[in-house]
Amino acid sequence: MAQQKEFLNAQSKKPSASSPPLPWRTRIALSVISAVTDYSRRQNGTVNRRLLDFFALKTPANPNPVNGVKSSDITVDPSRHLWFRLIVPTTDESRKMSTLPIIVFFHGGGFVYLSADGMAYDAVCRRFARKTPAVVVSVNYRLAPEHRYPAQYDDGFDVLKFLDDERNRGILPENVNLSCCFLAGDSAGGNLAHHMAKRASESTSNFKTLKVIGLVAIQPFFGGEERTEAEARLAKIDPLISVTRTDWTWKAFLPPGEGMDRDHEAINVSGPRAADISKLDFPATLVVVGGFDSLQDWQRRYYEWLKKSGKEVYLLEYPTMVHAFYIFPELPESTQLISEIKDFIHKQCSKVVKN
């Protein structure tokens, strides 16, 4: 109760930050996203999929090169509708490279919303493929509350095993380098990418060729029972994230049962029930934080936890940016982030080449 009172008192104080400096186009898009997700949530814990499908903007795969990339959709397990979008660069730069890294990408959406074929994520992954350049595998995992934890993690890990399976090599370009594999994702996808990196580090014997050498956690969706300073300070400023929304999605994500609260290790990865990763060969990690993102305190704790665990980790901050800013190409910071991620990937791949 004292913790809740402190949170409410912080909310009542005048925020020290002004509104994020966003163009009207971005503000309108964020308002629409917030309104649709709010209206889709039902009091009984379910979501209105019909409403979400009505407003969903989907992009089909295109096997013909367009703007330096081509794409196709690959089924992993039809029984659970598990598939991924394979995006391959076709630029002159990518053709000149003897090998290409592979990025396994997980979309955001609070584990409840969005998909790999959504227009925004298709565009982002095409940019990653073209600009890095790299082969991108964008995973379409099962969503909550219809499929609760650990379904999403199981789907992600099964895609990694699918890519490592020699029988599936013909699906990937001949010059892809599976020993230069990066896991990436934003929001819930950043959470997923972390847990996939942890599982892969714990299960190296499961992989013959695939080697995860990097993790890109873009404003990852973490949380806990505690209410943080940023959650209170940005309560009336953050256009996308609020405690009401995150509490609902975490409740939709976790199955009922003892210990299934927001301090669960899946949610509060650096909290009181955190796993000991100090002895794991955990990949080098880039953590991206936005100054107007209510989740920033959890993300910084994650960065500090990785450092204390003895891992190679880098913190990249965008002080004036909101949650999910990088999916809006009209923001210059979006282009900057793509460039930073490219540099991180090239740096880690150069280590593999030297070895």
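Given the structure is predicted, the values throughout are model-derived calculations rather than measurements.

### A word on the overall build of the chain
- Helix and strand content of the chain: 11 helices and eight strands.
- The C-alpha atoms of the chain give 20 Å as radius of gyration, which agrees with the globular expectation for 355 residues (20 Å, within 12%).
- Structurally, the chain occupies a C-alpha span of about 60 × 45 × 40 Å along its principal axes.
- Buried residues in the chain amount to 56% of all 355 residues.
- Intrachain contacts of the chain at a sequence separation of at least 6 include 77% that bridge at least 24 residues.
- For the chain, the exposed area adds up to about 16000 Å²; of that, 52% sits on carbon and sulfur atoms.

### Digging into the packing of aromatic side chains
- Tallied over the full model, the rule gives 20 aromatic pairs.
- Lying over the aromatic face of tryptophan 298, arginine 301 brings its terminal NZ or CZ to 4.8 Å of the ring centre.

### Examining the sheet that holds strand E2 (residues 82-89)
- Ordered in space as E1-E2-E4-E3-E5-E6-E7-E8, the eight strands form an open sheet in which the pairing is mixed. Both outer strands of the open sheet, strand E1 (69-77) and strand E8 (313-318), are each paired with one neighbouring strand and no more. Ignoring strand direction, the axes of neighbouring strands in this sheet form an average angle of 20°.
- Across five bridges, strand E3 (residues 100-106) lies against strand E4 (residues 135-140) in parallel orientation. Across the sheet, phenylalanine 106 pairs through a bridge with valine 139, a residue of E4.
- With respect to the sheet, helix H7 (residues 188-202) is in contact with E3, strand E5 (176-186) and strand E6 (212-218), its orientation differing from that of E5 by roughly 140°.
- Each of E6, strand E7 (284-290) and E8 touches helix H10 (residues 296-308); the most contacted strand, E7, lies at about 160° to it.

### Examining helix H6 (residues 151-164)
- Over its 14 residues, H6 runs 20 Å from end to end, which matches the ideal 20 Å to within 8%, given 1.5 Å per residue.
- Counting buried residues along H6, 12 of its 14 residues qualify, which places the element largely inside the surrounding structure.
- Among the residues of H6, Ala151, Gln152, Tyr153, Asp155, Gly156, Phe157, Asp158, Val159, Leu160, Phe162, Leu163 and Asp164 are the ones counted as buried.

### Details of unusual backbone geometry
- The step from alanine 144 to proline 145 runs through a cis peptide bond, and the omega angle for that step is 0°.
- Inspection of the secondary structure puts proline 145 in the loop between E4 and H6.
- Phi at leucine 114 takes a positive value of approximately 70°, unusual for a residue other than glycine.
- Notably, alanine 324 is not glycine yet its phi reads approximately 70°, a positive angle.
- Tracing the backbone through its elements, the reader meets alanine 324 in the loop between E8 and helix H11 (332-354).

### A look at the nonpolar core
- In terms of nonpolar packing, the biggest core is built from 101 residues, with Phe128, Leu183, Tyr302 and Tyr326 touching the most fellow members.
- Residues in contact with tyrosine 302, not counting those within four places in the same chain, are His194, Leu215, Ala217, Phe222, Val269, Ser270, Phe282, Thr285 and Val287.
- Listed in part, the eight residues of the second largest apolar core include Leu52, Val112, Tyr113 and Trp248.

### Overview of a nonpolar patch on the surface
- A cluster of nonpolar side chains, contributed by Trp24, Ile28 and Val32, occupies part of the molecular surface with about 370 Å² of accessible area.
- Within the secondary structure layout, isoleucine 28 lies in helix H2 (residues 24-40).
- By relative accessible area, which is 52% here, isoleucine 28 ends up exposed.

### Side note on the packing of H6 against H7
- For the pair H6 and H7, interaxial distance at closest approach is 10 Å and the crossing angle is 60°. Considered as vectors, H6 and H7 are oriented oblique to each other. Note on packing geometry: the crossing formed by H6 with H7 is right-handed. On H7, the residues that touch Gln152, Tyr153, Asp154, Gly156, Phe157 and Leu160 of H6 are Asn191, Leu192, His195, Met196, Arg199 and Ala200.
- Taken together, the residues that form the contact of H6 with H7 break down as six nonpolar, four polar and two charged.

### Quick look at the side chain of glutamate 231
- Note on placement: glutamate 231 falls in helix H8 (residues 229-233).
- This buried residue, glutamate 231, is left without a salt bridge; arginine 227 holds the nearest opposite charge, at 5.0 Å.
- Of note is the side chain of glutamate 231, whose polar atom sits 3.1 Å from the side chain of tryptophan 298.

Scoring rules and cut-offs
Residues numbered from 1 in each chain as written. Predicted model: local features only at pLDDT ≥ 70, side-chain atom pairs only at ≥ 80, totals over all residues. Heavy atoms only, no water. Helix = DSSP H or I, 4+ residues; strand = E, 2+ residues; numbered from the N terminus. Rg over C-alpha atoms; globule rule 2.2 N^0.38 Å. Buried < 20%, exposed > 50% of the residue type's maximum accessible area, 1.4 Å probe, protein only. Contact = heavy atoms within 4.5 Å. Areas by Shrake-Rupley, 256 points an atom, 1.4 Å probe, with all protein chains shown as cover. Phe/Tyr/Trp six-rings, centres within 6.5 Å; stacked < 30°, edge-to-face > 60°. Lys NZ or Arg CZ within 6 Å of the ring centre and 35° of its normal. Pairing = 2+ DSSP bridges. Axes fitted to C-alpha atoms, helices over the stretch in contact; angles between N-to-C directions. Expected span 1.5 Å × (residues − 1). Core = buried A, V, L, I, M, F, W, Y, C linked by side-chain atoms within 4.5 Å. Patch = residues over 30% accessible without salt bridge, like charges linked within 9 Å, V, L, I, M, F, W, Y side chains within 5 Å. Salt bridge = Lys/Arg side-chain N within 4 Å of Asp/Glu carboxyl O. Parallel < 35°, antiparallel > 145°, perpendicular 65-115°, else oblique. Left-handed = near helix turned anticlockwise from the far one by under 90°. Nonpolar A, V, L, I, M, F, W, Y, C, P; charged D, E, K, R; others polar. Lys, Arg positive; Asp, Glu negative; His and termini not counted. Polar contact = N/O pair within 3.5 Å; in protein donor to acceptor, adjacent residues only side chain to side chain.

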